[in-house]
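The lines below spell out each chain.
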Amino acid sequence: MIPKQTSTESFYPFDESSSTLMASPNKEADDGSAGVRQLLGLKGASEETNIWKIRLQLTKPVTWVPLVWGVMCGAAASGNYHWMWNPFDETDRDVLLGATDAAKGFVAMILSGPFLTGYTQTINDWYDREIDAINEPYRPIPSGAISEGEVIFQIWFLLLGGLGIAYGLDVWTGHDLPSVLLLSIFGSFIAYIYSAPPLKLKQNGWAGNYALGASYISLPWWCGQAVFGTLDRPVYWILPILYSIAGLGIAIVNDFKSIEGDRAMGLNSLPVAFGVDGAKYICAASVTLTQLGVAAYVYSLGETTYALILLGLLLPQIYFQATLLLPDPIGNDVKYQASSQPFFVFGILATALCVGHHDFGV
């Protein structure tokens, strides 16, 4: 049950309804990992009463990883990230410059991961508290482990803290236009309308999944690139957007497991709209065709080696689609993601390195 707040008025721009939700007990993992699962925000988590551990669980730390990776890719795409001691380039061994860039990168990762992804996950759980009572009743809000007031405070703290860090990065890097702050504001807005009514993008499978893909791929890429370089060429925008289409396909995989709850709550996810069979082919096509397009573009730049690397990383993904995703997308969802995604994310990094090393001329 979600506990009621004692105050009847609030300055927070969120619906504070206190509907009672009957959540079924959480089934803890029996392999000794329940405590780790709780901290990472995964199924099979142990029950926890420590408020700080619950707050951490609410931010789903396991979801920070793609954002941190995205910042790394953006830094690589800038072509202007300096190592403290680069073993491949004897001209890139300025320890002070490398340490400064490492610090900037770390702060950008903190911004994209714990703060803004934490904000996104917390606000999503807040507006999903009723559907989570069906799909994931062990989550902190439907289980009553954290109060409404504490959740709303966390949303504001992470949002305002993240925007403050973003502006600090703009000042640190000497931006005339606060590009990191503007990207952070845009991303935070997308996170809000993804979860909150009246727009609630996640109710529409196409808009919701693309917003999710863009948030996990494009925005952190652009953040990392803005910190270390510029975003003054169309290619810097187009390639991350294309990868976000592949991210749409990946997001569909996560929808298979919640099709029952989505249908009950009126969410028109792609598995609900097209059925499991239709959605699995949309998923496979968006992931595969997008990466083929990126590889073709890289080849058109004359970067044949990078194009071959991308094709080599795509082949295992096609194999896992054929052997895991298409035969049983519901039963094999986790196994497919674990098998296929490493090749996908290394493809993003390879593309970023290609962009960073390519001479586009004046």
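Owing to the predicted nature of the structure, the values given are computational and were not obtained by experimental measurement.

> Please set out the overall build of the chain residue by residue, giving values where relevant.
Across its full length, the chain carries 14 helices and zero strands. Element order for the chain, N to C, with α for helix and β for strand: α-α-α-α-α-α-α-α-α-α-α-α-α-α. When burial is assessed residue by residue, the chain has 49% of its 362 residues classed as buried. Accessible surface for the chain amounts to roughly 17000 Å². Of this, 65% is attributable to carbon and sulfur atoms.

> I'd love a proper account of the confidence of the model for the chain, names of residues and values included.
Per-residue confidence for the chain gives a mean pLDDT of 87; residues scoring 70 or more make up 87%. Counting interchain partners and residues more than four positions distant, the pLDDT-below-50 stretch residues 1-24 has 52 contacts.

> Go over the environment of tyrosine 138, please, and point to the residues and values.
Here tyrosine 138 is to be found in the loop between α5 (129-135) and α6 (140-143). Taking the relative accessible area as the measure of exposure, tyrosine 138 reaches 13% and is therefore buried. Once the C-alpha coordinates of tyrosine 138 and glutamate 47 are considered, the two residues, 91 residues apart in sequence, prove to be 8.1 Å apart.

> Which residues make up the side chain of asparagine 332, and what values do they have?
Structurally, the position occupied by asparagine 332 is in the loop between α13 (304-325) and α14 (333-357). Here leucine 324 takes part through its backbone oxygen, which lies 3.0 Å from a polar atom of the side chain of asparagine 332.

> An account of the packing of helix α3 (residues 64-78) against helix α4 (residues 95-127) is requested, with residue identities and associated values reported.
A pair of packed helices can be characterised by two numbers: the angle between their axes and the separation between those axes. With their axes 9 Å apart at the nearest point, α3 and α4 run at an angle of 150 degrees to one another. Crossing hand, α3 versus α4: right-handed. In this structure, α3 contributes Trp64, Leu67, Val68, Val71 and Met72 to the contact, and α4 contributes Gly105, Ala108, Met109, Ser112, Gly113, Pro114, Thr117 and Gly118. Per-class residue counts for the contact of α3 with α4 are eight nonpolar, five polar and no charged.

> How would you sum up α4? Please name residues and give values.
With 33 residues, α4 should reach 48 Å at 1.5 Å per residue; the first-to-last C-alpha distance of 46 Å fits that figure. Threonine 117 marks the point of greatest bend in α4, at about 30 degrees. For α4, the N-terminal capping position is held by aspartate 94, with its side-chain oxygen 3.1 Å away from the main-chain nitrogen of leucine 96.

> Kindly report on the pattern of salt bridges, identifying the contributing residues and their values.
Oppositely charged side chains can pair when the atoms bearing their charge come close. For the coordinates displayed, the defined rule picks out three salt bridges. One salt bridge connects arginine 139 with aspartate 125, and the closest N-O pair in it is separated by 2.6 Å. With arginine 139 in the loop between α5 and α6 and aspartate 125 in helix α4, this pair connects stretches of sequence that are 14 residues apart. Judged by relative accessible area, aspartate 125 falls into the buried class, the value being 2%. Aspartate 128 is the salt-bridge partner of lysine 202, the closest N and O atoms lying 2.4 Å from each other. Taken together, the positions of lysine 202 in the loop between α8 (179-195) and α9 (205-228) and aspartate 128 in the loop between α4 and α5 put the pair 74 residues apart, joining distant regions of the chain. Of the two residues, lysine 202 and aspartate 128, both sit in the buried class.

> Quick rundown of helix α12 (residues 270-300)? Include the residues and the values.
A rise of 1.5 Å per residue sets the reference length of α12, with its 31 residues, at 45 Å; its end C-alpha atoms lie only 33 Å apart and thus fall more than 12% short of the reference. A bend of about 105 degrees at valine 276 is the largest found in α12. Directly after α12, the chain includes glycine 302, whose backbone phi takes a positive value near 90 degrees.

> Talk me through the packing of aromatic side chains; I want residue IDs and the actual numbers.
Inspection of every chain in the model, using the stated rule, returns eleven aromatic pairs. With centroids separated by 4.7 Å and ring planes inclined at 50 degrees, the aromatic side chains of tryptophan 222 and tryptophan 237 adopt a geometry described as tilted. On the criterion of sequence distance, the pair formed by tryptophan 222 in helix α9 and tryptophan 237 in helix α10 (residues 234-256) is long-range, its members being 15 residues apart. Accessibility expressed as a relative area gives 32% for tryptophan 237, which makes it partly exposed. Three or more aromatic residues joined by ring pairs make a cluster, and in this case those are Phe115, Phe153 and Phe157. Here the basic side chain of arginine 55 rests over the ring of tryptophan 52, its NZ or CZ set 5.8 Å away from the ring centre.

> Go over the environment of glycine 174, please, and point to the residues and values.
Within the secondary structure layout, glycine 174 lies in the loop between α7 (148-173) and α8. For glycine 174, a relative accessible area of 53% translates into the label exposed. Sequence spacing of glycine 174 and valine 227 is 53 residues, and the spatial spacing of their C-alpha atoms is 9.5 Å.

> Give a detailed account of the environment of proline 178, specifying residues and quantitative values.
One can find proline 178 in the loop between α7 and α8. A relative accessible area of 23% means that proline 178 is categorised as partly exposed. Placed eleven residues apart in sequence, proline 178 and tyrosine 167 show a C-alpha to C-alpha distance of 6.7 Å.

Calculation rules
- Residues numbered from 1 in each chain as written.
- Predicted model: local features only at pLDDT ≥ 70, side-chain atom pairs only at ≥ 80, totals over all residues.
- Heavy atoms only, no water.
- Helix = DSSP H or I, 4+ residues; strand = E, 2+ residues; numbered from the N terminus.
- Buried < 20%, exposed > 50% of the residue type's maximum accessible area, 1.4 Å probe, protein only.
- Areas by Shrake-Rupley, 256 points an atom, 1.4 Å probe, with all protein chains shown as cover.
- pLDDT = per-residue confidence, 0-100.
- Contact = heavy atoms within 4.5 Å.
- Polar contact = N/O pair within 3.5 Å; in protein donor to acceptor, adjacent residues only side chain to side chain.
- Axes fitted to C-alpha atoms, helices over the stretch in contact; angles between N-to-C directions.
- Left-handed = near helix turned anticlockwise from the far one by under 90°.
- Nonpolar A, V, L, I, M, F, W, Y, C, P; charged D, E, K, R; others polar.
- Expected span 1.5 Å × (residues − 1).
- Bend = angle between axes of the 7 residues up to and from the residue.
- Salt bridge = Lys/Arg side-chain N within 4 Å of Asp/Glu carboxyl O.
- Phe/Tyr/Trp six-rings, centres within 6.5 Å; stacked < 30°, edge-to-face > 60°.
- Lys NZ or Arg CZ within 6 Å of the ring centre and 35° of its normal.

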